[in-house]
Amino acid sequence: MKSIYKIAILIVAVVIVAAGVFNYHFSQATQTTPSSPSATPTPTPTPNPSPTPAPTPTPTPNPSPTPAPTPTPTPTPAQGVALNGAGATFPFPLIDKWAAEYNKIKPNVLVNYQGIGSGGGIQQHTEKTVHFAASDAPLTAAQAEKAPNTLHIPITIGGVVPIYNIPDIPKGLKFTGEILAGIYLGEITKWNDPKIVAVNPGISLPNQQIVVVHRSDGSGTTFIWTSYLSNISPKWKETVGRGTSVNWPVGLGGKGNDGVAALVKQTPYSIGYVEFTYAKKNNLAYGYVQNAAGEFIEPSIESFAKAADYAAVTLPRGDESWSKVSIVDSLAGNTQAKGAYPITSFSYILVYKELNVLPNMDEASARTLVEFLWWAIHDGQNYASDLYYVPLPSSVVKHNEATIRMITYNGQQLHK
């Protein structure tokens, strides 16, 4: 019996030892077996086999190409400079063209201009969040006080035109200033109103309600338009007045020149006002406007240029007040201005005389900005006519040269 017991104990011991040996060899085999392709990678970083150009397998906090919000949202070119501007939509097509052409000759310079309206441009200039701004309205005395040492640089001349959408009636519908004021006051409400019919003989005007479209944002184009209406209509001057933003008696609002053009294009029997190039690029019918000489003038580069010639505006120094400068006002009542389109205006670049007041400006960027502005008032004018703007007269170019020479960084003149 004892021998049987001893044999049993021996058998159990052998089983235990065999099991241990088996587990040991199995463990070794699993550690040395190669991982399958779907195995979880070890914590040790390995090269990313994916074609995605992420620097590590760990996703970056912001994989989107959109840059983080900063006062200068446009990415800077490699070893280059980004110049950021904002403001008027009136000169946007021209400034946008400049940006593209300047980048061809200066690949390390990226000019980013956002057309947000003159009101927005003036605000960003005042808050010093852009390198330059653009406005069709010069700064008022109150605005200049909030942005001291601002320089005005006229960069182009263009016209604001009435656009309309009346089926089967092409460009050339005639408007007097009194008719336009009456429409925007809500007093002339039908296209076949006797006053419109009287100046458009032979045109069958529809018995349709006029849909009025105006700007919804702060706008230099609105400033030009309302300045003209204020000069023509005493009632408009007293009840609405002029400004980049006004309390419109009637109408629908569109943001920017593009917004107004789009609204008119999609709304039958509507009327609006835009800078001329927006009428052309959107294939919209536009009206001829009566000037002080009694002529109904077609908007064109030639009629804008004549307006600028007849206006004989005396330009202040770049660092003086420009609040009274207006081609529209100068033409009001000028019965000798033959061939001049009456709703013509400068558009301006606004820039600080001392650039180190901008928190996002360094000396390299300051010099680059001055070089770009110098190019814009010279070679940049070659692109104006194709976009229906008037190239600056030589007298204005010389005036701008003197203004650009005023610009400094840390007190040092940037252009001799």
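**Student:** For this particular structure, what's the right way to read the packing of aromatic side chains?
**Tutor:** Aromatic ring pairs are defined here through the distance separating the ring centres and the angle between the ring planes. Counted according to the given criterion, the structure contains 22 aromatic pairs. With a centroid separation of 6.2 Å and an interplanar angle of 55°, the aromatic rings of Phe 90 and Tyr 389 are classed as tilted. Pair noted here: Phe 90 is in the loop between strand 1 (81-87) and helix 2 (92-105) and Tyr 389 is in the loop between helix 13 (363-377) and helix 14 (394-404), with a separation of 299 residues, a long-range link. We note that Phe 90, like Tyr 389, is buried. With 6.4 Å between their ring centres and 55° between their planes, Tyr 164 and Trp 191 make a pair best called tilted.

**Student:** Please clarify how the packing of helix 2 against helix 13 should be interpreted in this entry.
**Tutor:** Two measures define how a pair of helices packs: the angle their axes make with one another and the distance between the axes. One can describe the packing of helix 2 onto helix 13 by two numbers: an axis separation of 11 Å at closest approach and a directional angle of 115°. Between helix 2 and helix 13, the crossing angle belongs to the class labelled roughly perpendicular. When you trace helix 2 past helix 13, the crossing you get is right-handed. Taking contact as the criterion, the partners of Trp 98, Glu 101, Tyr 102 and Ile 105 in helix 2 are, on helix 13, Glu 371, Phe 372, Trp 375 and Ala 376.

**Student:** Explanation requested: the environment of Phe 346 in the structure shown.
**Tutor:** Here Phe 346 lies in strand 12 (residues 344-352). Distance from Phe 346 to Ala 137, taken between C-alpha atoms, is 8.3 Å for residues 209 residues apart in sequence. Once you skip the residues sitting within four places of it in the chain, Phe 346 turns out to touch Asp 136, Pro 154, Thr 156, Ile 157, Leu 315, Val 325, Ile 327 and Val 396.

**Student:** I'm lost on the side chain of Asp 193 in this one. Help?
**Tutor:** Inspection of the secondary structure assignment puts Asp 193 in the loop between helix 5 (177-185) and helix 6 (194-198). Despite its burial, Asp 193 pairs with no opposite charge; the closest candidate is Lys 195, at 6.0 Å N-O. At 2.9 Å, the side chain of Asp 193 and the backbone nitrogen of Lys 195 are in polar contact.

**Student:** What should I look at first to understand unusual backbone geometry in this one?
**Tutor:** Excluding glycine, residues mostly have negative phi values, and the peptide bonds linking residues are mostly trans. Positive phi outside glycine occurs at Lys 128, with the angle close to 60°. Turning to its location among the elements, Lys 128 is positioned in the loop between helix 3 (118-127) and strand 3 (132-135). Non-glycine residue Asn 149 carries a positive phi angle of around 65°. Of note, Asn 149 is situated in the loop between helix 4 (141-146) and strand 4 (150-165). The exposure class assigned to Asn 149 is exposed, which follows from its relative accessible area of 55%.

**Student:** What's the story with the pairing of strand 4 in this structure? I'm lost.
**Tutor:** Consecutive side chains of a regular strand alternate in pointing toward one face of the sheet and then the other. Counting buried residues in strand 4 gives 16 out of 16 residues, a clear majority hidden from the surface. Bridge count between strand 4 and strand 12: 9 bridges; the pairing is antiparallel. Note on strand 12: the bridge partner recorded for Ile 157 is Phe 346. Across 2 bridges, strand 4 lies against strand 9 (residues 285-286) in antiparallel orientation. Within the sheet, the bridge partner assigned to Tyr 164 lies in strand 9 and is Ala 285.

**Student:** Just checking my understanding: could you explain the confidence of the model for the protein for this structure?
**Tutor:** Caution applies to low-pLDDT parts of the model: their predicted coordinates are not meant to be read in detail. On average, the protein scores 85 in pLDDT, and the residues at 70 or more come to 81%. Predicted confidence for residues 1-78 stays below pLDDT 50, and this span has 25 contacts to residues more than four positions away or in other chains.

**Student:** Sorry if this is basic, but what is going on with the pattern of salt bridges here?
**Tutor:** Should the charged atoms of two oppositely charged side chains come close, the side chains can pair. Tallying each qualifying case throughout the model produces 10 salt bridges. Across the salt bridge formed by Arg 242 and Asp 329, the nearest N and O atoms sit 2.9 Å from each other. Here Arg 242, found in the loop between helix 8 (234-239) and strand 7 (252-254), pairs with Asp 329, found in helix 12 (residues 327-331); they are 87 residues apart in sequence, far enough to count as distant. Relative accessible area serves as the criterion here: at 35%, Arg 242 is assigned to the partly exposed category. Two residues, Arg 317 and Asp 319, come together in a salt bridge whose shortest N-O distance is 3.0 Å. With relative accessibility at 44%, the residue Arg 317 sits in the partly exposed group. Classification of Asp 319 by relative accessible area gives partly exposed; the value is 25%. The network of salt bridges with common partners includes Lys 97, Glu 101 and Lys 104.

**Student:** I'm lost on the side chain of Glu 101 in this one. Help?
**Tutor:** Structurally, the position occupied by Glu 101 is in helix 2. Setting aside chain neighbours within four positions, we find Glu 101 in contact with Trp 375 and Tyr 383.

Quick notes on the rules
Residues numbered from 1 in each chain as written. Predicted model: local features only at pLDDT ≥ 70, side-chain atom pairs only at ≥ 80, totals over all residues. Heavy atoms only, no water. Phe/Tyr/Trp six-rings, centres within 6.5 Å; stacked < 30°, edge-to-face > 60°. Helix = DSSP H or I, 4+ residues; strand = E, 2+ residues; numbered from the N terminus. Buried < 20%, exposed > 50% of the residue type's maximum accessible area, 1.4 Å probe, protein only. Axes fitted to C-alpha atoms, helices over the stretch in contact; angles between N-to-C directions. Parallel < 35°, antiparallel > 145°, perpendicular 65-115°, else oblique. Left-handed = near helix turned anticlockwise from the far one by under 90°. Contact = heavy atoms within 4.5 Å. Lys, Arg positive; Asp, Glu negative; His and termini not counted. Salt bridge = Lys/Arg side-chain N within 4 Å of Asp/Glu carboxyl O. Polar contact = N/O pair within 3.5 Å; in protein donor to acceptor, adjacent residues only side chain to side chain. Pairing = 2+ DSSP bridges. pLDDT = per-residue confidence, 0-100.

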